[in-house]
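So you can see what is in the structure, the chains are spelled out below.
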Amino acid sequence: MMASRDSACVLRRKLHFQMRTPLATPRPQKGSLSVARVLINLSTHSLRLRNILQCSQKKVQIPWNNNTYIDEPRTMPYHAAEEKETGNPVEAYYVAAEEDAAKRGKGPTVCIVGDGNAAHVLIPFLGDTHHTVNLMSLNPSKWESTIRCDWKNMKDEVLQTFVGDINKISDDFADVIPDADIVFLCLPVHQYRNALGKLAPYINRSKGEVFVGTIYGQAGFNWMVHEIETKHKLTNLVAFSIGLIPWICRAEQYGSHGTCYGGKKVNVAAVHPADRFDKLDEIFLDDVCHRQLGVGKFVQACSFISLTLSVDNQIIHPSRMYGLWKRYGGKWKTYDEVPFFYREFDDLSADCLRRLDEDYSTVRKAIRERFPDRPFEYMLNYLDLERFVYESNAADIKSSFTESETLGQIKTPVMHVTDDVDASKNYYMIDMRCRFFTDDIPYGLLIAKWIAEKLDIGDKVPFIDEIINWVQVLRAERFLDEENKIDLAACLQADYTCGIPPSYGITSVEDILD
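Residue positions are given per chain, counted from 1 along the sequence in the order it is written. Totals for whole chains, interfaces and linings use all residues, but because this is a predicted model, local features are given only for residues with pLDDT of at least 70 and pairs of side-chain atoms are given and counted only at 80 or more. Think of the side-chain values as coming from all heavy atoms in the structure, minus any hydrogens and water.

(A) The arrangement of the side chain of Asp 487 in detail. Under the scheme used here, helices are H or I runs from DSSP no shorter than 4 residues and strands are E runs no shorter than 2 residues, and both carry numbers assigned from the N terminus. By the element assignment, Asp 487 lies in the loop between α17 (462–474) and α18 (488–491). Per-residue accessibility, obtained with a 1.4 Å probe over protein chains only, is compared with the maximum for each type, and a residue is labelled buried under 20%, exposed over 50%, and partly exposed between these values. Since its relative accessible area comes to 16%, Asp 487 is described here as buried. Reaching out from Asp 487, the side chain makes a polar contact with the backbone nitrogen of Ala 490 at a distance of 3.1 Å. Any pair of residues with heavy atoms lying within 4.5 Å of one another is described as a contacting pair. In this view, Asp 487 contacts Arg 478, Phe 479, Leu 480 and Asp 481; residues no more than four positions away in its chain are not counted. By the criterion applied in these results, polar contacts are pairs of N or O atoms within 3.5 Å in which, for protein atoms, one can donate a hydrogen and the other can accept it, and in which residues neighboring in sequence qualify only through two side-chain atoms.

(B) Up close: helix α8 (residues 277–288). Taking 1.5 Å of rise per residue, 12 residues should cover 16 Å, yet α8 covers just 14 Å from first to last C-alpha, more than 12% shy of that figure. The buried fraction of α8 is high, at 9 of 12 residues. Inspection of α8 places Phe 277, Leu 280, Asp 281, Ile 283, Phe 284, Leu 285, Asp 286, Asp 287 and Val 288 among the buried residues, and these make up the whole buried set. In this analysis, the expected span of each helix is defined as 1.5 Å times one less than the number of residues it contains.

(C) The arrangement of unusual backbone geometry in detail. Put simply, His 272 and Pro 273 share a cis peptide bond, and its omega is 0 degrees. Phi is positive for Asp 156, close to 70 degrees, though the residue is something other than glycine. Located in the positive-phi region is Asn 484, a residue other than glycine, with phi close to 60 degrees. Here Asn 484 shows up in the loop between α17 and α18.

(D) How the structure looks around the packing of aromatic side chains. Each Phe, Tyr or Trp ring, with Trp reduced to its six-membered ring, pairs with another whose centre is within 6.5 Å; inter-plane angles below 30 degrees give stacked pairs, above 60 give edge-to-face pairs, and intermediate values give tilted ones. The full count for this structure, using the stated rule, is 20 aromatic pairs. Residues Phe 184 and Phe 284 carry aromatic rings whose centres are separated by 5.0 Å and whose planes lie at 75 degrees to one another, so their mutual orientation is edge-to-face. Pair noted here: Phe 184 is in strand β8 (residues 182–185) and Phe 284 is in helix α8, with a separation of 100 residues, a long-range link. The same class applies to Phe 184 and to Phe 284, which are both buried. Geometrically, the ring pair formed by Phe 341 and Phe 436 is tilted, given 5.1 Å between the ring centres and 45 degrees between the ring planes. One end of the pair, Phe 341, is in the loop between β15 (331–332) and α12 (347–370); the other, Phe 436, is in helix α15 (residues 435–438), with 95 residues separating them in the sequence.

(E) Spotlight on the packing of α12 against helix α16 (residues 441–454). Viewed as axis vectors pointing N to C, α12 and α16 meet at an angle of 45 degrees, and their least axial separation amounts to 10 Å. For the element pair α12 / α16, the angle class is oblique. Note on packing geometry: the crossing formed by α12 with α16 is left-handed. Of α16, the residues touching α12 (which contributes Leu 356, Tyr 360, Val 363, Ile 367 and Arg 370) are Gly 444, Leu 445, Ala 448, Ile 451, Ala 452 and Lys 454. Every axis in this analysis is a line fitted to C-alpha atoms, fitted for helices over the stretch in contact. Angles between the N-to-C directions lie between 0 and 180 degrees. For classification purposes, angles smaller than 35 degrees are called roughly parallel, those larger than 145 roughly antiparallel, those between 65 and 115 roughly perpendicular, and all remaining angles oblique. Put simply, a crossing is left-handed when the front helix is turned counterclockwise from the back one by less than a right angle, and right-handed when it is turned clockwise.

(F) Quick look at the pairing of β8. In β8, alternate side chains face the same way, and those of Ile 182 and Phe 184 on one face and Val 183 and Leu 185 on the other are all buried. Pairs of strands are assigned from DSSP output, requiring at least two bridges between the strands. As defined by bridge partners, strand β3 (residues 109–113) adjoins β8 across 4 bridges and the pair is classed as parallel. Note that in β8 the partner of Ile 112 across the bridge is Phe 184. Note on handedness: a crossover is taken as right-handed if, strands pointing away from the viewer, the path from the first strand over the helix to the second is clockwise. With helix α6 (residues 192–199) bridging β8 and its parallel neighbour strand β9 (residues 210–214), the resulting β-α-β unit is right-handed.

As structure tokens, then:
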């Protein structure tokens with residue numbers, strides 16, 4: 001079922017530009033502008049004027065973006081204009097905004113597939129950067145037409161607020177995919193392939209190209225896109241994958257309000273065909289993070305395998321969960337006793353991560369030796385990736401978590417186990433149903449294990465084996481046999497059981513790169 005949303009972009013622009021005179025108060029006009037939008041504009045008007053008047057009279061600094069309200073002035077985006085010489089900072093701000101809007105024109109239509117935490121940031125970020133935003137959601141009736149996102153620091157102070165409109169929302173791919181120029185998955189990794197199979201029939205074949213991508217680059221996303229290209233005879237797809245989620249985020253109020261805790265300093269993306277990266281960056285990637293937060297410019301990876309073997313969730317999550325299991329048995333009497341997942345990262349978990357990352361480094365080294373003509377400059381070990389994307393000075397694995405400015409508020413995912421007869425026997429235990437298990441083992445560690453076996457180093461990744469064996473006992477699954485070799489029959493017994501290349505008909509390591 002689709003709930004049509006009448007976009008208020010033009011009216012919003014008119015309302016914002018009424019603010020050109022410092023004493024002018026924006027007034028709602030006839031149209032579909034929501035009450036929430038009007039209230040946000042009114043409440044932030046005085047703050048915007050204060051920010052603008054703080055600008056230098058000569059070299060103007062501007063709180064960029066008509067939907068962002070911040071506590072200190074920021075420079076104009078690189079695309080709008082160079083620093084402008086002017087005696088009127090208020091006028092300069094809006095002249096630059098109008099010039100940028102005219103230059104960029106109407107942006108592409110983006111369909112976000114998935115209604116979790118990331119959607120609550122992307123809709124506000126994209127909604128005011130000239131994009132039309134559609135949303136595929138299983139709960140369309142629970143979403144408002146205007147979504148707000150607060151950018152906060154770790155003290156929970158709001159630094160800036162973004163708002164954006166939804167054009168169309170539906171639980172039916174047929175309603176939201178056909179007019180999409182960019183299809184962007186914001187789902188758990190283990191759901192990627194199923195979602196692609198369902199949306200593929202509705203991709204518009206008459207468009208010159210349709211970009212199909214994901215917000216997180218685990219599990220060989222290129223293999224999944226190539227699968228639907230072949231099955232549905234699609235010839236206009238450009239596959240892309242962002243390495244790491246560009247920001248820490250959460251949904252404060254489902255369907256209306258999200259929070260962003262800042263962005264990564266640098267982001268990495270893989271694109272196929274590779275020569276479409278610049279176009280994608282221009283029309284989409286830069287609007288995902290950098291244009292809004294002032295950080296997070298994208299660089300291009302030479303291959304999707306760089307992301308598949310170095311994105312860090314598949315290394316962090318299983319090693320931390322294993323460490324918590326070994327130290328506590330994975331159980332706590334009260335919720336207050338449950339450790340923070342990152343802020344209380346301990347030496348045992350750090351050692352588990354180090355050992356797991358060493359196994360991954362063994363596989364990365366073998367890939368570089370097999371493909372010496374590829375630079376793989378962004379296929380990095382855990383600490384090098386941390387230092388690169390965050391520009392971090394972390395001295396070691398443990399401090400990279402305990403001293404993080406963005407990860408401190410995240411608790412360990414647990415489930416409450418209750419006894420109907422004796423409440424004293426209630427406890428909390430690690431949630432074996434969460435994506436740390438459903439994503440990071442069958443669509444993470446198992447892929448690295450398959451590559452290791454193909455490169456004749458399957459016996460050189462003992463800690464990968466140890467964690468997979470622990471999980472398959474814990475969850476009553478089977479991925480490895482008694483000799484710690486991949487059990488292909490078990491792994492391929494049903495669709496979507498795991499993400500190893502044979503799931504897509506790929507049997508040679510030479511075919512995994514692009």
